[in-house]
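Descriptive analysis of the structure
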Amino acid sequence: CLSLADWLAECSNLQQQSVASALVRFYAEAEEFDKACDLYERCVAAAAPVGGRSGDTAPRQPAVSLDARAVSCLMNAALRSGRHNLAKHVLDACPADVAKHIAMVRGCAAKGDLAGAHEVFNGLLKTGIEVNSVVYNTVLDACVECRDLKAAEAWMETTKKAGRADVVSYNTLIKAHLQSGNVGKARDLVAQMRAEGLQPNRITFNELANGIVSGAGGGDAAARRRELWGVVKEMQAAGVKPNQVTCSILLKGLNARSRQAEINETMDLITNMDEPMDEVLLSSVVEACVRIGQPALLAAKLKQLQGAQGAAVNGSHTFGSLIKAYGHAKDMAGVWRCWREMRSRRIRPTGITTGCMVEAVVSNGDTEGAYELIQEIRQDESCRDVLNAVIYCSVLKGFTREKRIDRVWAVYEEMLSMKVELSPVTYNTLLDACARSSQMDRAPGIMQDMKAKGIQPNLITYSTLVKGHCQAGDLDRGFATLEEMCRETDFKPDEIMYNSLLDGCAQGGMVGRGLSVLERMQREGVPPSNYSLSLLVKLMSRARRLDGAFELVDKISAKYGFRPNVHVFTNLIQACIANRQLQRGMATFERMLKERVRPESRTIAILARASLAQGAAEQAAGLLRAALGLPTVGMSPVAEDLLPHAVATSLDPAVVSEALQGLADRGRVHDLAVPLLAEIRPGARRGRERRGRE
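Residues numbered from 1 in each chain as written. Predicted model: local features only at pLDDT ≥ 70, side-chain atom pairs only at ≥ 80, totals over all residues. Heavy atoms only, no water.

This next bit is on the overall build of the protein chain. On a plain count of helices and strands, the protein chain comes out with 38 helices and 0 strands. With the C-alpha coordinates aligned to their principal axes, the bounding extent of the protein chain is approximately 120 × 65 × 55 Å. When burial is assessed residue by residue, the protein chain has 47% of its 694 residues classed as buried. On the protein chain, roughly 33700 Å² of surface is accessible, and the fraction owed to carbon and sulfur atoms is 50%. (Helix = DSSP H or I, 4+ residues; strand = E, 2+ residues; numbered from the N terminus. Buried < 20%, exposed > 50% of the residue type's maximum accessible area, 1.4 Å probe, protein only. Areas by Shrake-Rupley, 256 points an atom, 1.4 Å probe, with all protein chains shown as cover.)

Let us now look at the packing of helix α11 (residues 183-195) against helix α13 (residues 221-237). Here α11 crosses α13 at 15°, and the two axes come no closer than 14 Å. As summarised for this structure, α11 and α13 are arranged roughly parallel, according to the angle between their axes. The chirality of how α11 crosses α13 is left-handed. Packed against α11, whose contacting residues are V183, R187, V190 and R194, the element α13 presents E227, V231 and E234 at the interface. (Axes fitted to C-alpha atoms, helices over the stretch in contact; angles between N-to-C directions. Parallel < 35°, antiparallel > 145°, perpendicular 65-115°, else oblique. Left-handed = near helix turned anticlockwise from the far one by under 90°. Contact = heavy atoms within 4.5 Å.)

What follows is about the state of the cysteines. Within this structure, the stated rule accounts for 0 disulfides. No disulfide involves C434; its sulfur sits 14 Å from that of C393, the nearest cysteine. Here C434 falls in the buried class, since its relative accessible area comes to 0%. (Disulfide = S-S within 2.5 Å.)

Let us look at the layout of surface pockets. One number sums up the size of the largest pocket: a volume of about 420 Å³. Forming the walls of the largest pocket are 18 residues, and the residues nearest its centre are M447, P457, Y462, L465 and E484. Mapped onto the lining of the largest pocket, the elements with two or more residues apiece are α25 (443-452), α26 (459-471) and α27 (475-488). Of the residues forming the lining of the largest pocket, the biggest block, 6 residues, is contributed by α25. Here the residues of the lining of the largest pocket sort into 9 nonpolar, 5 polar and 4 charged. (1 Å grid on protein atoms, 1.4 Å probe; cavity = no way out; pocket = protein on both sides within 12 Å on 5 of 7 lines; lining within 4 Å. Points joined across faces, edges and corners; volume = space filled by probe spheres on them. Nonpolar A, V, L, I, M, F, W, Y, C, P; charged D, E, K, R; others polar.)

Using the criterion set out here, one finds 34 salt bridges in the structure. One salt-bridge network, held together by shared partners, links D34, D38, E41 and R83. (Salt bridge = Lys/Arg side-chain N within 4 Å of Asp/Glu carboxyl O.)

Here we take up helix α18 (residues 316-328). The end-to-end C-alpha separation of α18 is 19 Å, in line with the 18 Å expected for 13 residues at 1.5 Å each. Burial of α18 is extensive: 10 of the 13 residues sit out of reach of the surface. For α18, the set of buried residues is S316, T318, F319, G320, S321, L322, I323, A325, Y326 and G327. Of the residues one or two after α18, K330 is the one with positive phi, at around 60°. (Expected span 1.5 Å × (residues − 1).)

This part takes up a nonpolar patch on the surface. Residues L4, W7 and L8 make up a contiguous nonpolar surface patch of about 320 Å² in total accessible area. In this structure, L8 sits in helix α1 (residues 2-11). (Patch = residues over 30% accessible without salt bridge, like charges linked within 9 Å, V, L, I, M, F, W, Y side chains within 5 Å.)

A pair of packed helices can be characterised by two numbers: the angle between their axes and the separation between those axes. Packing of helix α35 (residues 617-628) against helix α37 (residues 669-679) leaves a shortest axis separation of 11 Å and a crossing angle of 5°. In terms of orientation, α35 lies roughly parallel with respect to α37. Of α37, the residues touching α35 (which contributes A617, E618, A621, L624, R625 and L628) are L672, P675, L676 and E679. In the contact of α35 with α37, the residues fall into 7 nonpolar, no polar and 3 charged.

Our focus in this paragraph is the packing of aromatic side chains. Tallied over the entire structure, the rule returns 6 aromatic pairs. Each ring, one from F121 and one from Y136, has its centre 5.1 Å from the other, and the planes form 65°; the classification is edge-to-face. Of this pair, F121 sits in helix α7 (residues 114-126) while Y136 is found in helix α8 (residues 133-145), placing the two residues 15 residues apart along the sequence. Comparing F121 with Y136 shows no difference in burial state: the two are buried. Taken together, the aromatic side chains of F121, Y136 and W155 make up a single cluster linked through ring pairs. The ring of Y371 is capped by R407, whose NZ or CZ atom sits 4.8 Å from the centre of that ring. Cation over ring: R584 sits above F550, and NZ or CZ is 4.3 Å from the ring centre. (Phe/Tyr/Trp six-rings, centres within 6.5 Å; stacked < 30°, edge-to-face > 60°. Lys NZ or Arg CZ within 6 Å of the ring centre and 35° of its normal.)

This next bit is on the environment of P599. Considering the arrangement of structural elements, one finds P599 in the loop between α33 (582-594) and α34 (601-613). For the pair P599 and L651, spaced 52 residues apart in sequence, the C-alpha separation works out to 9.1 Å. Apart from residues lying up to four places away in sequence, P599 is in contact with V566, F589, M592, L593, I604, H645, A646, V647, A648 and T649.

Let's shift gears to helix α10 (residues 167-179). Along its 13 residues, α10 runs 18 Å from first to last C-alpha, staying within 8% of the 18 Å computed at 1.5 Å per residue. The buried fraction of α10 amounts to 10 of the 13 residues, a majority that puts the element mostly inside the structure. Those residues of α10 that fall on the buried side of the exposure criterion are V167, S169, Y170, N171, T172, L173, I174, A176, H177 and L178. Next to the buried residues of α10 lie α8, α9 (149-161), α11 and α12 (202-213). Regarding α10, its N-cap is D166, as a side-chain oxygen of that residue lies 3.2 Å from the backbone nitrogen of V168 further along. Phi turns positive, to about 85°, at G181, one or two residues after α10. (Polar contact = N/O pair within 3.5 Å; in protein donor to acceptor, adjacent residues only side chain to side chain.)

Here we come to the side chain of N499. Its location among the elements puts N499 in helix α28 (residues 495-508). The exposure class of N499 is buried, given its relative accessible area of 5%. Looking at N499, its side chain comes within polar contact range of the side chain of S532, at 2.7 Å. Excluding residues that lie within four positions of it along the chain, N499 makes contacts with S529, Y531, S532 and L535.

Within the chain, R147 stands out as a residue other than glycine whose phi angle is a positive 55°. Positionally, R147 belongs in the loop between α8 and α9.

The next subject is the environment of A22. On the secondary structure map, A22 appears in helix α2 (residues 17-29). We classify A22 as partly exposed; its relative accessible area is 34%.

Bringing the confidence of the model for the protein chain into the picture now. In this model, the protein chain carries an average pLDDT of 87, and 92% of its residues clear a pLDDT of 70 or more. Considering only residues more than four positions removed or in separate chains, one finds that residues 49-60, a stretch of pLDDT under 50, has 8 contacts. (pLDDT = per-residue confidence, 0-100.)

Attention now moves to the side chain of T461. Tracing the chain through its elements places T461 in helix α26. One polar contact links T461 to N458, side chain to side chain, over a distance of 2.9 Å.

Here's what the structure looks like:
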């Protein structure tokens, strides 16, 4: 089509308005902006001098005028191609044309020329034509686009004095203040609107809500949440119904830490919304459900979206969101249904959609199936180009987790043969495979491949190398890698890297070296975490330095202001048992409950097993009863007021079975095991869960 247009432009009579206008429109709409401008200038060049006298130097006018639509396209083409003199020439040809002046103001704003925007406005003002609110608001929008808040506020005053301030004016300035993080100023403008007799509209409230969700105004998450829902209530009180945009904004603010009431209210707004759900909102809903991390809610919402409320899905991106959601819900039938529907309707998958599909299949345990899907896509000429390193990395990670290392290397060889553009993530995944499979002898070859392709290692690369060497027991190589990174790059070791070294020291029983790692990480401003503490406890325990383990926990947690978590306490209890100090382990368990740290399966298993080993069957039964939330009937292992906190989170049935078998093996079937087994029933379990929540 473009070559045909070029031919017509060469051989047609450009003095005919219809021909010239059609060609200018075609070039502009095809984004061939320079060609549109060139054609117009040919029209100017073909013009006779004004008055028709040879040598007349008066300005030329085009030999043919363009229709209104073509003139608008030409103005846009001139601005988009940076030919501002031409845009001004077109504007001067129609000095009173408001639409052209608006286009010119927007063009100036796009290139950051706020002074030019004011100049265009003043030029229109000089024509004597009545300048309406749209023009004033266009200049205000230019101030905002140029990030000049003071100019925007000054122009708002000019607009008010001219009597042209309207809801759009206020909304534009509200947006500017929200962009600068000032929710208070935005709120003041809403009050001013009302004082001027103007009512905030849906855009007003949506801008406020979006600003709050985006973090404007600062404050903690709870304060922002209250303010956000205050805007929603204010919106409803004003008789303005939330729409798709409102709901999308609210969904953007939901995550795993959101309160259940907030989640329910958002979902209710979506259900009761007047507008039909579109693809954008549908994607937002399922992505929010994934972020929230409630499989039951996600499954229910997916089922609902399949019914009457479901939006028509026509875009690859939306299919990708649905596939991702079904994958998180462990609904592989839904995953494959979405994929097959998309393919049957000849909707071309994007790289992101394909990545979502492959990741969903891998994360649900079918890495080989995901690889076969990649092979199908490779055979399809219409979409084989969407395959990239990210998609292949999902399969690499899947085979790594399954410890099918031969498949990892086979996929890597395929990537090389296909000339897939590799990234640091690819090589980090391969190094992780080496670490997990105890094949660190392959690491130097991977690093050489990386270097040969001009890909620089990043912090994760070095961290993975350190982890792999430490897990393989080669602590010297791990420390050497750390020193190499510090010597040859600007990277600074992070907590993950130090924790890998601590873990290596703990496994090797190298207390002195481990404590030097702790000292170094603190000296370099890397605060230890609960995970670091759990490793330090393991380190001290293996060196039979139990008091040192407790001292480190108390000192580090106090210094950095955090409370030891269940993993730290459980490791302390394990250290007590390993050092044949069961009573100290029980005292640590009681301290843990006093600090409102709920035990896990491993905590109960360690204490119950040790109690049985030392002949304290009643104590073992009491621990199990407390963990299950059952009456301890005189066998409470801790003070009565601590029992509600002793209910274990997700107690593993295997732990219960082991303890019951241990009681039976010690001849305590009838007095301890059987009564306990009789009370482990659904009703008792519900009571346990209820008391656990209390």
